[in-house]
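Chains, contacts and geometry: an overview
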Amino acid sequence: MNDTIRVGNLFGIPFYIHPSWFLVLGLVTWSYSSGLAAQFPQLSAGLALLLGLMTALMLFASVVAHELGHSFVAIRQGIDVKSITLFIFGGLASLEKESKTPGEAFWVAIAGPIVSLLLCGIVTAIGVTTTASGPLAAILGVLASVNLALALFNLIPGLPLDGGNILKAIVWKITGNPYKGVTFASRVGQIFGWVAILSGLLPLLLFGSFGNFWNLLVGFFLLQNAGNAAQFARVQEKLTGLTAEDAVTHDSPIVSGNLSLREFADERVISGQNWHRFLVTDDDGQLVGAIAVDNLRTIPIALWSETQVREVMRPITESTTVKSDQPLLEVMQLLEQQKLSVLPVIRENGVLVGILEKTAIIQLLQSRTQPNPA
């Protein structure tokens, strides 16, 4: 999200625009205003430009409506929609989590194309029933055809397109395994990506034609995102059934709040432990705070023997901890979202289990990937 611009909320959903969208908006405006000026010479240059801009904005509104279709169905399933973003290839609704069943995943995926097809039908009906003519008829025709193209393009059965998510839901239903659905739909998406790349590359190499250059961009987009989806699915499958406690670091840096700073320095720091930050517990083993080695410098050495760790520690809020039974996949996503490398793990009663490091999750994944010795 760092390279996007937030422009407000749509029905309570944060709405972002990627800078590339403004380039596309300008190109689409210029293209349609030029077409209208050529088709209707009576239009002034200013009016043609205004109509071209209106057409471009309505086209992007159609993309937003497409993404809202996904979003509203997801919200009805209890899934939070984190954002809707417009970018060079269209739009993206970012969902908090996956649907719980293949049936629900199917309806989230197909909702966008259904909205686009409905818009195509509505615009076509307006053009027919009002007997629109001139520039208005041309604009209505463009809106209808673009919505139809948007629906059909997104129904291509390969991730990350809607058709890929529909295919994923179908394979999930058949196999009972959502990750097999993602893997299969990702492979199909990669196939379509290579087809799109070849369809753009061959005319360029054989005839020097840039007519299908857009296919190259779409192909690379499909190839990259399908590959990322497959890779993430493999990670999800390996982490299935694991909890935060499964990845807790052995001999985590934990000290009692009753220790004096002298005991803390002798037992934990000078003894050769490489930790720079330690979690602090009370008599019941509950997490109450954290102390860093650098905090010792704030207290004169002469006072270390009479100063306890709990007097120097800094409190830790519950929002910066994870429960021991929390799925490890959710913990990994939390680490990525908040750009953290370590989190304390506690039980329901607040008792500290230890720390969970991002590197420990990576090592756990690697160990589950390696084949078992015969």
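Residues numbered from 1 in each chain as written. Predicted model: local features only at pLDDT ≥ 70, side-chain atom pairs only at ≥ 80, totals over all residues. Heavy atoms only, no water.

**Thoughts on the overall build of the protein chain**
Quick note on the threshold: Elements are defined by DSSP. Helices are runs of H or I of four residues or more, strands are runs of E of two residues or more, and each kind is numbered from the N terminus. With C-alpha atoms as the basis for the radius of gyration, the globule rule is written as 2.2 Å multiplied by the number of residues raised to the power 0.38. Whether a residue is buried, partly exposed or exposed follows from its accessible area with a 1.4 Å probe, protein chains only, as a fraction of its type maximum: under 20%, in between, or over 50%, in that order. A contact between two residues is defined here by any heavy atoms of the two lying within 4.5 Å. To be clear on the numbers: accessible area is Shrake-Rupley with a 1.4 Å probe, and residue cover counts the displayed protein chains and nothing else. Positive: Lys, Arg. Negative: Asp, Glu. His and the chain ends are not part of the count. For charged residues, the charge sits on one atom: NZ in Lys, CZ in Arg, CG in Asp, CD in Glu.
Scanning the protein chain from N- to C-terminus turns up 11 helices and 10 strands. Taking 374 residues into account, the globule formula puts the C-alpha radius of gyration at 21 Å, and the protein chain, at 28 Å, lies well above it. Here the C-alpha coordinates of the protein chain stretch approximately 90 × 55 × 45 Å along the principal axes. Residue burial in the protein chain is summarised as follows: out of 374 residues, 42% are buried. Intrachain contacts of the protein chain at a sequence separation of at least 6 include 61% that bridge at least 24 residues. Split by element, the accessible area of the protein chain, about 20,400 Å² in all, is 62% carbon and sulfur. The centroid of the 22 positive side-chain charges in the protein chain is displaced by 8 Å from the centroid of its 26 negative side-chain charges.

**Brief notes about a nonpolar patch on the surface**
In plain terms, the rule: To count toward a patch, a residue needs a relative accessible area above 30% and no salt bridge. Like charges then connect within 9 Å, nonpolar side chains (Val, Leu, Ile, Met, Phe, Trp, Tyr) within 5 Å. Note on definitions: salt bridges are taken to be side-chain nitrogens of Lys or Arg within 4 Å of carboxyl oxygens of Asp or Glu.
On the surface, L198, L201, L202, L205, L206 and F207 cluster together to form a nonpolar patch covering roughly 650 Å² of accessible area. Mapped onto the fold, L201 is located in helix α6 (residues 178–207). L201 sits in the partly exposed class, given a relative accessible area of 31%.

**Considerations on the packing of aromatic side chains**
Under the convention used in this document: Any two rings among Phe, Tyr and Trp, with Trp reduced to its six-membered ring, count as a pair given centres within 6.5 Å; such a pair is stacked if its planes are under 30 degrees apart, edge-to-face if over 60, and tilted if neither.
Throughout the structure, instances matching the rule amount to 5 aromatic pairs. Their ring planes at 65 degrees and their centres at 5.0 Å tell us that W21 and F60 sit as a pair that is edge-to-face. Of this pair, W21 sits in helix α1 (residues 19–39) while F60 sits in helix α2 (residues 45–76), and the two are 39 residues apart along the sequence. Both residues of the pair, W21 and F60, belong to the buried class.

**Focus on helix α4 (residues 134–154)**
Basically, it comes down to this: Under the convention used throughout, the expected extent of a helix is 1.5 Å for every residue step, that is, one less than its residue count.
Its 21 residues place the ends of α4 31 Å apart at the C-alpha level, agreeing with the 30 Å of an ideal helix rising 1.5 Å per residue. Of all the residues in α4, the buried ones are P135, A138, I139, L140, V142, L143, A144, N147, L150, A151 and N154. Next to the buried residues of α4 lie α1, α2, α3 (102–129) and α5 (162–175).

**Regarding the nonpolar core**
Rules: Buried residues of nine kinds, namely Ala, Val, Leu, Ile, Met, Phe, Trp, Tyr and Cys, make up a nonpolar core once their side-chain atoms join them within 4.5 Å.
By size, the foremost hydrophobic cluster in this structure holds 33 residues, and its most contacted members are F15, W21, L36, F60, I84 and L86. Counting residues per element, the ones that place at least two in this core are β2 (13–17), α1, α2, β3 (81–87), α3 and α4. The element contributing the most residues to this core is α2, with 8 residues. Sequence-distant contacts of L86, defined by excluding residues within four places in its chain, comprise F15, Y16, I17, H18, W21, F60, V63, V64 and G91. Core analysis: the second largest hydrophobic core is formed by 19 residues, L239, A247, V248 and L335 among them.

Function-wise, these values are silent; they only describe arrangement.
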